[in-house]
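Next come the chains, spelled out residue by residue.
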Amino acid sequence: MFERYVGATPKWVLGRYRIHDALSELDSGYSGPLADLAARYGWFDQAHFTREFTELVGMPPSAYQP
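One structure accompanies this document, and this report is about it.

Conventions and cut-offs
- Residues numbered from 1 in each chain as written.
- Predicted model: local features only at pLDDT ≥ 70, side-chain atom pairs only at ≥ 80, totals over all residues.
- Heavy atoms only, no water.
- Helix = DSSP H or I, 4+ residues; strand = E, 2+ residues; numbered from the N terminus.
- Buried < 20%, exposed > 50% of the residue type's maximum accessible area, 1.4 Å probe, protein only.
- Contact = heavy atoms within 4.5 Å.
- Areas by Shrake-Rupley, 256 points an atom, 1.4 Å probe, with all protein chains shown as cover.
- Lys, Arg positive; Asp, Glu negative; His and termini not counted.
- Charge placed at Lys NZ, Arg CZ, Asp CG, Glu CD.
- Patch = residues over 30% accessible without salt bridge, like charges linked within 9 Å, V, L, I, M, F, W, Y side chains within 5 Å.
- Salt bridge = Lys/Arg side-chain N within 4 Å of Asp/Glu carboxyl O.

### Regarding the overall build of the protein
For step 1, the next point in the chain: Each helix and strand counted, the protein has five helices and zero strands in total.
For step 2, the next point in the chain: Listing each helix as α and each strand as β along the protein from the N terminus yields α-α-α-α-α.
For step 3, the next point in the chain: Its C-alpha atoms give the protein principal-axis dimensions of about 40 × 20 × 20 Å.
For step 4, the next point in the chain: Going through the 66 residues of the protein one by one, you find that 30% of them count as buried.
For step 5, the next point in the chain: Of the contacts made within the protein by residues no fewer than 6 positions apart, 43% connect residues no fewer than 24 positions apart.
For step 6, the next point in the chain: Counting every atom, the protein has about 4500 Å² of accessible surface; 57% of that belongs to carbon and sulfur.
For step 7, the next point in the chain: In the protein, which carries 6 positive and 8 negative side-chain charges, the distance between the mean positions of the two groups comes to 7 Å.

Now the structure itself:
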């Protein structure tokens, strides 16, 4: 039902929220390891985080991070 009314799966929506939370943290000046940031927002490893981040943002988090 969720997909029918929202137009996306719950997994997709939750993934976008996690990426947006990570983006907000990077925008706020986060300078720690990206692996820690990935773990904080629910990814099991940095590779999956980097892939999903790059798909949405258009660049890897290492390039986005100031």
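After that view, the rundown keeps rolling.
### Describing a nonpolar patch on the surface
For step 1, the next point in the chain: A surface patch of nonpolar side chains, amounting to about 490 Å² of accessible area, comprises Met 1, Phe 2, Tyr 5 and Val 6.
For step 2, the next point in the chain: Position of Tyr 5 relative to the elements: it lies in helix H1 (residues 2–6).
For step 3, the next point in the chain: A relative accessible area of 58% places Tyr 5 in the exposed class.

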